[in-house]
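Per-entry structural report
Residues per chain, in single letters:
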Amino acid sequence: MPLPRFIEIDGRRYLWRDLVALRRAQATPAEQQPALFTLREDHRPAGERNAAERYSEPNLFTALQRSG
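Reading the values: the criteria
Residues numbered from 1 in each chain as written. Predicted model: local features only at pLDDT ≥ 70, side-chain atom pairs only at ≥ 80, totals over all residues. Heavy atoms only, no water. Helix = DSSP H or I, 4+ residues; strand = E, 2+ residues; numbered from the N terminus. Buried < 20%, exposed > 50% of the residue type's maximum accessible area, 1.4 Å probe, protein only. Areas by Shrake-Rupley, 256 points an atom, 1.4 Å probe, with all protein chains shown as cover. Salt bridge = Lys/Arg side-chain N within 4 Å of Asp/Glu carboxyl O. pLDDT = per-residue confidence, 0-100. Pairing = 2+ DSSP bridges. Patch = residues over 30% accessible without salt bridge, like charges linked within 9 Å, V, L, I, M, F, W, Y side chains within 5 Å. Contact = heavy atoms within 4.5 Å.

**A closer look at the overall build of the protein**
The helix and strand tally for the protein stands at 3 helices and 2 strands. Reading the protein from its N end, one meets helices and strands in the order β-β-α-α-α. For the protein, the residues scored as buried account for 1% of the 68 residues in total. Element-wise, carbon and sulfur atoms account for 56% of the exposed surface of the protein, whose accessible area totals about 7300 Å².

**Re the pattern of salt bridges**
Scanning all chains against the criterion turns up 1 salt bridge. Across the pair R44 and D42 runs a salt bridge, and its minimum N-O distance is 3.0 Å. Residue R44 is classed as partly exposed on the basis of its relative accessible area of 37%. When its relative accessible area of 29% is taken as the criterion, D42 is described as partly exposed.

**Regarding the confidence of the model for the protein**
Averaged over all residues, the pLDDT of the protein is 82; the fraction at 70 or higher stands at 88%. Least confident of the elements in the protein is helix α3 (residues 60–67), whose mean pLDDT is 66; most confident is strand β2 (residues 12–15), at 92.

**Re the pairing of β2**
Pairing between strand β1 (residues 6–9) and β2: 4 bridges, direction antiparallel. Paired with I7 across the bridge in β2 is Y14. The hairpin turn running from β1 into β2, its antiparallel successor, is 2 residues long, and D10 in that turn takes a positive phi close to 50°.

**Remarks on a nonpolar patch on the surface**
On the surface, L36, F37 and L39 cluster together to form a nonpolar patch covering roughly 460 Å² of accessible area. Considering the arrangement of structural elements, one finds L39 in the loop between α1 (16–27) and α2 (51–56). Residue L39 is classed as exposed on the basis of its relative accessible area, which comes to 72%.

**Digging into the environment of G47**
Mapping G47 onto the fold places it in the loop between α1 and α2. In the structure, G47 is positioned 10 residues away from E57 in sequence and 6.9 Å away in space, judged by C-alpha atoms. Among all residues touching G47, those that are not within four sequence positions of it are E53, R54 and E57.

Below you can see the structure in the form of structure tokens.
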């Protein structure tokens, strides 16, 4: 039995090879996605860029904030 050339979805008839081509186009991602927001450079010292480093290496200003 040969493969069908058409498929019926919701009462509409579609050519099978057109659906396969659309699916392949959807499966391949775009080469470059645009950023959702503008990226800014992080100017903080290396020891303060994430929470774990800030906790493990408190600086002078965090010590003054706790005592005051």
